[in-house]
2 protein chains.
Amino acid sequence: MSAPSLPTPRVIHVDTRGAVILSEESPETRDSRGIYLPNYIEPVSHIAVDVGGSLAKVVYFTRSPEPPSSPSIAATRGSSVVSDISTPRSISPSTDEPGNHSPTSSAIKRSGALTPLVLDSPTTPHIHYNGNGLQGLSDGLLRDTILRRAAQHFPGGSLNFERFETDNIDECVAFIRALIERSAAVNHVSIEEMRRGVQIMATGGGAHRFYELFKDELGVEVRREDEMECLIEGMKFITLIPDEVYYFSDELIHTVSHPSTKCSVVHEHATNGLANGSMPPPLERPSPDPPKFGVTFESNPTPQLPCLLVNIGSGVSIIKVDEDGKFERVSGTSLGGGTLWGLLTLLTGATSFDEMLALSEQGDNATVDMLVGDIYGQDYSKLGLKSTMIASSFGKVFRKGGSKTKFSPEDISKSLLYAVSNNIGQIAYMNAEKYNLERIYFGGCFIRGHAATITTLSYAIRFWSKGTKRALFLRHEGFLGAIGAWIKNIVPEEEESQSP
Amino acid sequence: MSAPSLPTPRVIHVDTRGAVILSEESPETRDSRGIYLPNYIEPVSHIAVDVGGSLAKVVYFTRSPEPPSSPSIAATRGSSVVSDISTPRSISPSTDEPGNHSPTSSAIKRSGALTPLVLDSPTTPHIHYNGNGLQGLSDGLLRDTILRRAAQHFPGGSLNFERFETDNIDECVAFIRALIERSAAVNHVSIEEMRRGVQIMATGGGAHRFYELFKDELGVEVRREDEMECLIEGMKFITLIPDEVYYFSDELIHTVSHPSTKCSVVHEHATNGLANGSMPPPLERPSPDPPKFGVTFESNPTPQLPCLLVNIGSGVSIIKVDEDGKFERVSGTSLGGGTLWGLLTLLTGATSFDEMLALSEQGDNATVDMLVGDIYGQDYSKLGLKSTMIASSFGKVFRKGGSKTKFSPEDISKSLLYAVSNNIGQIAYMNAEKYNLERIYFGGCFIRGHAATITTLSYAIRFWSKGTKRALFLRHEGFLGAIGAWIKNIVPEEEESQSP
């Protein structure tokens with residue numbers, strides 16, 4: 001029995017014509033840039049919250065008349081973004097690139113307000129036109145905002161993205177409360193009225209765990225949306241945004257899928273995971289430094305379905321999406337982001353994701369991993385196993401009677417990142433093969449736009465697919481569920497009946 | 001292109017009629033009991049060595065006239081063996097069970113000698129009949145052995161199994177040298193003559209790394225055999241031995257594959273890894289304590305092919321074997337025994353495999369793993385994910401800001417054993433499904449007959465196959481390659497051409 005097609009009438013139509021991704025470069029905002037939607041008018045404000053095992057993601061829309069400055073648009077194309085995603089530079093928290101936290105972007109983030117159409121009701125006619133509206137409004141931006149609204153129902157605004165740790169869920173609640181209060185002031189209505197014009201769309205596991213908390217603390221309507229439905233809805237929406245989808249290293253995929261004949265040695269046995277007998281050419285790990293294996297952005301979104309969505313959070317969900325939007329969680333693995341962060345917390349001094357990933361980029365996994373060459377003293381050519389291939393992750397540690405001091409945090413981090421990423425890529429590929437799906441999207445907060453993660457997942461998909469399949473990534477990888485919850489506005493009946 | 005069928009004419013015919021597994025109970029010999037072959041006569045002595053990334057395995061045949069004492073035979077059936085394999089008792093190195101190191105078994109192991117037929121040649125006619133043969137032979141057992149040989153060409157003897165750490169390969173060489181020297185004395189021939197009657201059959205990665213070492217140090221002919229061919233040859237042989245193959249928990253498999261209707265809730269989405277929409281009944285982890293989910297031995301070996309062989313050493317090889325013996329390494333993973341031992345070496349104070357596995361049996365993975373219930377506060381019924389299911393291995397560590405002191409070695413060990421075993425089971429199942437294979441054998445030194453490992457792999461296969469497939473285990477799990485090398489006596493040409 002297959003899943004039902006997604007209920008299109010239940011979905012707000014979001015006009016994505018002319019959408020651009022804003023420039024808010026910093027390690028923190030790498031995967032949470034605002035998206036400017038020049039043609040969208042929001043009827044009812046939805047604050048979407050996706051509370052996962054480790055992180056809580058918030059998405060909301062703020063109206064603003066001006067299109068972003070041209071640097072913002074430029075930032076969504078070409079080299080600057082490639083380097084943001086690809087170079088270790090951009091991973092160090094101390095990075096401070098030109099344009100970071102520009103007044104424009106930070107103003108949108110900090111002072112943006114919900115301005116739902118529903119507030120322009122007979123009960124508050126033109127209240128924002130008369131001078132009273134400006135009484136006591138010393139905040140220049142606030143005054144400016146209200147004056148701008150003299151132009152009725154102007155379209156345009158930004159989709160905003162915020163992230164909190166699930167363990168600090170109170171920070172998330174406080175942020176939303178402040179947003180609602182600020183919005184009431186900006187719209188010059190009472191907080192009560194503002195609350196009536198706002199809905200919280202909650203998804204992820206925490207939608208159940210924290211339902212009462214959001215309801216009681218914020219005093220607004222809270223609706224719960226199914227996590228998987230939101231993931232798919234969010235993916236279908238975000239892949240319509242130009243320059244959102246990107247992938248690694250087309251050149252490498254080409255060289256692999258068109259091996260030179262001298263590379264291809266016929267032998268008796270199949271190679272690792274490959275059914276036919278030709279030995280694959282060496283699969284060099286892509287360098288994070290463009291242009292050799294640069295990132296390519298899909299500036300003209302093409303139809304994205306059918307596809308496989310691999311959502312890597314604390315754990316991993318693997319979801320098959322059919323051409324008509326029907327979907328099914330077909331597999332998953334408990335070896336996900338939580339495993340990497342958890343083990344590296346125990347094994348290294350690192351205390352943050354970024355720190356751990358930065359460590360991994362300095363490391364050499366060959367000091368802890370047992371390679372084919374360590375066992376055979378050479379390639380195992382007959383099976384097409386290169387001497388550089390990892391035969392056993394951490395396989396050298398026990399042999400070296402390894403007290404931890406013998407192994408550097410850098411090497412351990414790289415080995416574990418490779419192990420987790422390769423494993424996810426292998427299981428993802430097997431499912432893509434099983435369901436005959438060409439497009440494999442990777443989402444979830446595990447990826448975080450980090451070169452080490454992206455290249456390793458790309459490498460794994462290339463290795464297992466013999467270069468015939470490609471790993472696709474999304475800039476807002478961690479927000480698919482929250483975006484989906486923001487888009488949905490009616491909760492399906494079976495959901496309500498399931499609510500505890 | 002598929003692999004060639006195995007060259008039967010190249011294989012020594014081993015008469016397995018009446019074969020019994022000897023009783024040599026101890027944690028060290030759990031998976032290395034001798035096998036008595038009452039009807040076999042060895043033409044040329046083969047000492048087989050399988051040198052893997054972590055362990056070197058040795059197999060050789062020693063002639064002896066008497067069948068093993070009845071306790072030995074009894075030990076291969078019923079409760080004592082079940083408990084050996086299933087109860088934590090037998091895992092503690094301090095275990096000392098009745099009959100351990102019985103004179104019989106240890107005598108065979110320590111004083112057993114190679115007595116190849118080839119030595120009974122005109123050059124040494126009946127030398128062992130005249131009294132001179134006994135000169136200076138104070139060793140009662142040695143004299144006894146020679147007297148026994150008065151009965152010409154008597155059949156019968158034991159296949160012996162020894163294990164060494166690859167890093168201590170010299171111990172392995174010394175053991176073989178002593179065996180050859182002892183055999184020369186027992187057969188009353190010169191060491192040179194003995195060497196001419198003996199061959200070393202080397203396989204595994206170390207067969208290449210240590211070829212010169214074996215050749216120079218032992219002064220006997222060394223032949224290299226392909227690792228995969230030996231694995232399959234060994235599996236085909238060992239599965240002919242009664243009570244060699246065993247599996248866990250038929251009752252559980254039955255309850256799972258025949259779910260009561262009230263257990264099966266129809267819902268929209270597929271469950272984890274399962275294509276149809278019915279929610280599976282809870283898959284309780286089997287208890288290691290019989291009789292609830294006891295071990296069942298296959299006392300009457302049935303045709304074993306086609307099958308999938310999952311060989312878990314430092315790394316994991318997954319090999320598809322067709323009905324006609326054709327085979328292919330179709331997949332593998334670097335997350336194997338070396339990963340578990342390596343990470344546990346870094347994370348716990350444990351210094352031996354047995355110690356680590358003993359730790360894992362005391363642990364509670366729920367303190368480090370993030371369960372579905374931790375995220376959802378309940379089952380994710382819609383996807384059929386039970387609240388007790390592991391959503392993220394080690395997923396709680398980072399949340400708890402985990403300094404290692406907060407987590408016990410026991411809990412960490414169990415979590416990692418579950419993570420590695422479940423992952424291997426998942427990848428194994430996907431391959432069994434892909435190639436439509438019913439029988440899934442697990443071999444390799446990772447398993448070591450430990451309840452925790454066996455139950456977890458069994459559980460994983462049951463979970464992913466929805467109880468329709470069964471994990472099969474082998475008592476001599478770690479010796480498949482060595483047994484295969486012992487059986488083979490002619491090296492294929494392409495092997496020789498490949499030798500460096």
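Note that this is a predicted model, so its numbers are computed, not measured.

Observations regarding the sheet that holds strand 4 (residues 55-63) of chain A
All names here are of chain A.
So, step 1. If you trace the 7 strands from one edge of the open sheet to the other, you get 1-2-5-4-3-6-7, paired in mixed fashion. Both outer strands of the open sheet, strand 1 (20-21) and strand 7 (221-224), are each paired with one neighbouring strand and no more.
So, step 2. Here strand 2 (residues 35-36) runs beside strand 5 (residues 157-165); their pairing, made up of 2 bridges, is antiparallel. For Tyr36, the partnering residue across the bridge sits in strand 5 and is Ser158.
So, step 3. Packed on one face of the sheet, helix 8 (residues 211-218) meets strand 3 (45-51), strand 6 (198-203) and strand 7 and runs near 160° to strand 7.

So, helix 8 of chain A
Residue and element names in this part refer to chain A.
So, step 1. Those residues of helix 8 lying buried are Tyr211, Phe214 and Leu218. Each buried residue of helix 8 lies within a common arc of 80° when the element is viewed along its axis, so the set occupies one face.
So, step 2. Among the structural elements, strand 3, helix 5 (169-186), helix 6 (191-196), strand 6, helix 7 (206-209) and strand 7 are those in contact with the buried residues of helix 8.
So, step 3. Downstream of helix 8 by a residue or two, Gly219 has a phi angle that is positive, lying close to 65°.

Observations concerning the packing of aromatic side chains
Residue and element names in this part refer to chain A.
So, step 1. If you walk through the whole model with that rule in mind, you get 26 aromatic pairs over all chains.
So, step 2. Connected via pairs of aromatic rings, a cluster forms that spans Tyr246, Phe297, Phe442 and Phe473.
So, step 3. Here Arg224 stacks its cationic end above the ring of Tyr211, 3.7 Å away from the centre of that ring.
So, step 4. In this arrangement the basic side chain of Arg470 is found over the ring face of Tyr247, its NZ or CZ atom lying 3.8 Å from the centre.

Let's talk about the sheet that holds strand 5 (residues 157-165) of chain B
So, step 1. With mixed pairing, 7 strands are arranged side by side in an open sheet as 1-2-5-4-3-6-7 (chain B). Taken across any chain shown, the strands that pair with only one partner, and hence form the sheet edges, are strand 1 (20-21) and strand 7 (221-224) of chain B.

Describing the state of the cysteines
So, step 1. Per the stated rule, a full pass over the model turns up 0 disulfides over all chains.
So, step 2. Left unpaired, Cys445 of chain A is separated from the closest cysteine sulfur, that of Cys172 of chain A, by 13 Å.
So, step 3. You can see Cys230 of chain B has no disulfide; the closest cysteine sulfur is in Cys445 of chain B, sitting 15 Å from it.
So, step 4. Classification of Cys230 of chain B by relative accessible area gives buried; the value is 0%.

Focus on the pattern of salt bridges
So, step 1. For the coordinates displayed, the defined rule picks out 20 salt bridges over all chains.
So, step 2. Here Lys488 of chain B ties to Glu225 of chain B by a salt bridge, and the two come within 3.1 Å at their closest N and O atoms. Of this pair, Lys488 of chain B sits in the loop between helix 17 (480-487) and helix 18 (493-498) while Glu225 of chain B sits in the loop between strand 7 and helix 9 (227-238), and the two are 263 residues apart along the sequence. There is no split in this pair, since Lys488 of chain B and Glu225 of chain B are both buried.
So, step 3. In the salt-bridge network here, residues are joined through shared partners; they are Glu225, Glu229 and Lys488 of chain A.

Considerations on the confidence of the model for chain A
All names here are of chain A.
So, step 1. Summing up the model confidence of chain A, the mean pLDDT is 71 and the portion of residues at 70 or higher is 63%.
So, step 2. Confidence over residues 1-12 falls short of pLDDT 50; this stretch has 35 contacts with residues more than four positions distant or in other chains.
So, step 3. Scored as a whole, the predicted complex attains pTM 0.76, and scored at its interfaces, ipTM 0.75.

Quick notes on the pairing of strand 11 (residues 316-321) of chain A
Residues and elements named next belong to chain A.
So, step 1. In terms of residue burial, strand 11 counts as a mostly covered element, since 6 of its 6 residues are buried.
So, step 2. The side-chain alternation of strand 11 yields two buried faces, one formed by Val316, Ile318 and Lys320 and the other by Ser317, Ile319 and Val321.
So, step 3. When strand 10 (residues 307-312) meets strand 11, the two strands line up antiparallel, connected through 6 bridges. Within strand 11, the position partnered with Asn311 by the bridge is Ser317.
So, step 4. Inspection of the sheet shows strand 11 paired to strand 12 (residues 327-333) by 6 bridges, in the antiparallel sense. Each residue of the ladder has a partner; that of Ile318, found in strand 12, is Ser331.
So, step 5. Linking two consecutive strands that pair antiparallel, namely strand 11 and strand 12, is a turn of 5 residues; a positive phi of about 90° is found at Gly325 within it.

Some words on helix 16 (residues 451-464) of chain A
Residue and element names in this part refer to chain A.
So, step 1. Look at helix 16: 20 Å from first C-alpha to last across 14 residues, which is about the 20 Å you get at 1.5 Å a residue.
So, step 2. Counting buried positions along helix 16 gives 14 out of 14 residues, so the element sits mostly inside the fold.
So, step 3. Lys466 sits one or two positions beyond helix 16 and adopts a positive phi of about 55°.

Points about the packing of helix 5 (residues 169-187) of chain B against helix 8 (residues 211-218) of chain B
Residues and elements named next belong to chain B.
So, step 1. Interhelical geometry of helix 5 versus helix 8 gives an angle of 35° and a closest axis separation of 10 Å. Relative to helix 8, the crossing made by helix 5 is right-handed. On the side of helix 5, the interface is formed by Ile169, Asp170, Cys172, Val173, Ile176 and Arg177, while helix 8 contributes Leu213, Phe214, Glu217 and Leu218.

Focus: the packing of helix 11 (residues 337-347) of chain A against helix 12 (residues 353-362) of chain A
Residues and elements named next belong to chain A.
So, step 1. The contact between helix 11 and helix 12 brings their axes to 10 Å, and the two run at 80°. Our classification of the angle between helix 11 and helix 12 gives roughly perpendicular. Across from Trp341, Leu344 and Thr345 in helix 11, the residues of helix 12 making contact are Phe353, Met356 and Leu357.
So, step 2. The residue makeup of the contact of helix 11 with helix 12, split by class, is 5 nonpolar, 1 polar and no charged.

Remarks on the side chain of Asn423 of chain B
So, step 1. Structurally, Asn423 of chain B is set in helix 15 (residues 409-434).
So, step 2. If we skip the residues at most four places from it in the chain, Asn423 of chain B touches Thr333, Leu335, Asn423 and Ile427 of chain A together with Thr333, Leu335 and Tyr418 of chain B.

Comments concerning the nonpolar core
So, step 1. Core analysis: the largest hydrophobic core is formed by 120 residues, its most contacted members being Val310 and Phe442 of chain A together with Val310, Phe442 and Phe446 of chain B.
So, step 2. Excluding anything up to four places from it in sequence, Val310 of chain B contacts Val316, Ser317, Ile318, Ile424, Ala428, Ile440, Tyr441, Phe442 and Gly443 of chain B.

As for the environment of Lys434 of chain A
Residue and element names in this part refer to chain A.
So, step 1. Position of Lys434 among the secondary structure elements: in helix 15 (residues 409-434).
So, step 2. On a C-alpha basis, the gap between Lys434 and Ser317 in space is 16 Å, while along the polypeptide they are 117 residues apart.
So, step 3. Among the polar contacts made by the side chain of Lys434, one reaches the side chain of Tyr435 at a distance of 3.5 Å.

Description of the environment of Gly206 of chain A
So, step 1. Take Gly206 of chain A: it is sitting in helix 7.
So, step 2. Judged by its relative accessible area of 1%, Gly206 of chain A falls in the buried class.
So, step 3. As a C-alpha pair, Gly206 of chain A and Ala485 of chain A span 279 residues in sequence and 13 Å in three-dimensional space.
So, step 4. Residues within four places of Gly206 of chain A in sequence aside, it is in contact with Val51 and Tyr211 of chain A together with Ile375 of chain B.

As for the environment of Lys57 of chain B
Residues and elements named next belong to chain B.
So, step 1. As for its placement among the helices and strands, Lys57 is situated in strand 4 (residues 55-63).
So, step 2. By relative accessible area, Lys57 is classed as buried at 8%.
So, step 3. Taking C-alpha positions, Lys57 is 24 Å from Ser331, a pair spaced 274 residues apart along the chain.
So, step 4. When residues no more than four places from it in sequence are discounted, the contact partners of Lys57 are Ala48, Val49, Asp50, Gly52, Glu162, Arg163, Cys445, Gly478, Phe479 and Ala482.
So, step 5. A distance of 3.3 Å separates the side chain of Lys57 from the backbone oxygen of Leu55, its partner in a polar contact.

Reading guide: rules and limits
- Residues numbered from 1 in each chain as written.
- Chains lettered and ligands numbered in written order.
- Predicted model: local features only at pLDDT ≥ 70, side-chain atom pairs only at ≥ 80, totals over all residues.
- Heavy atoms only, no water.
- Pairing = 2+ DSSP bridges.
- Helix = DSSP H or I, 4+ residues; strand = E, 2+ residues; numbered from the N terminus.
- Contact = heavy atoms within 4.5 Å.
- Axes fitted to C-alpha atoms, helices over the stretch in contact; angles between N-to-C directions.
- Buried < 20%, exposed > 50% of the residue type's maximum accessible area, 1.4 Å probe, protein only.
- Arc of directions from axis to C-beta.
- Phe/Tyr/Trp six-rings, centres within 6.5 Å; stacked < 30°, edge-to-face > 60°.
- Lys NZ or Arg CZ within 6 Å of the ring centre and 35° of its normal.
- Disulfide = S-S within 2.5 Å.
- Salt bridge = Lys/Arg side-chain N within 4 Å of Asp/Glu carboxyl O.
- pLDDT = per-residue confidence, 0-100.
- Expected span 1.5 Å × (residues − 1).
- Left-handed = near helix turned anticlockwise from the far one by under 90°.
- Parallel < 35°, antiparallel > 145°, perpendicular 65-115°, else oblique.
- Nonpolar A, V, L, I, M, F, W, Y, C, P; charged D, E, K, R; others polar.
- Core = buried A, V, L, I, M, F, W, Y, C linked by side-chain atoms within 4.5 Å.
- Polar contact = N/O pair within 3.5 Å; in protein donor to acceptor, adjacent residues only side chain to side chain.

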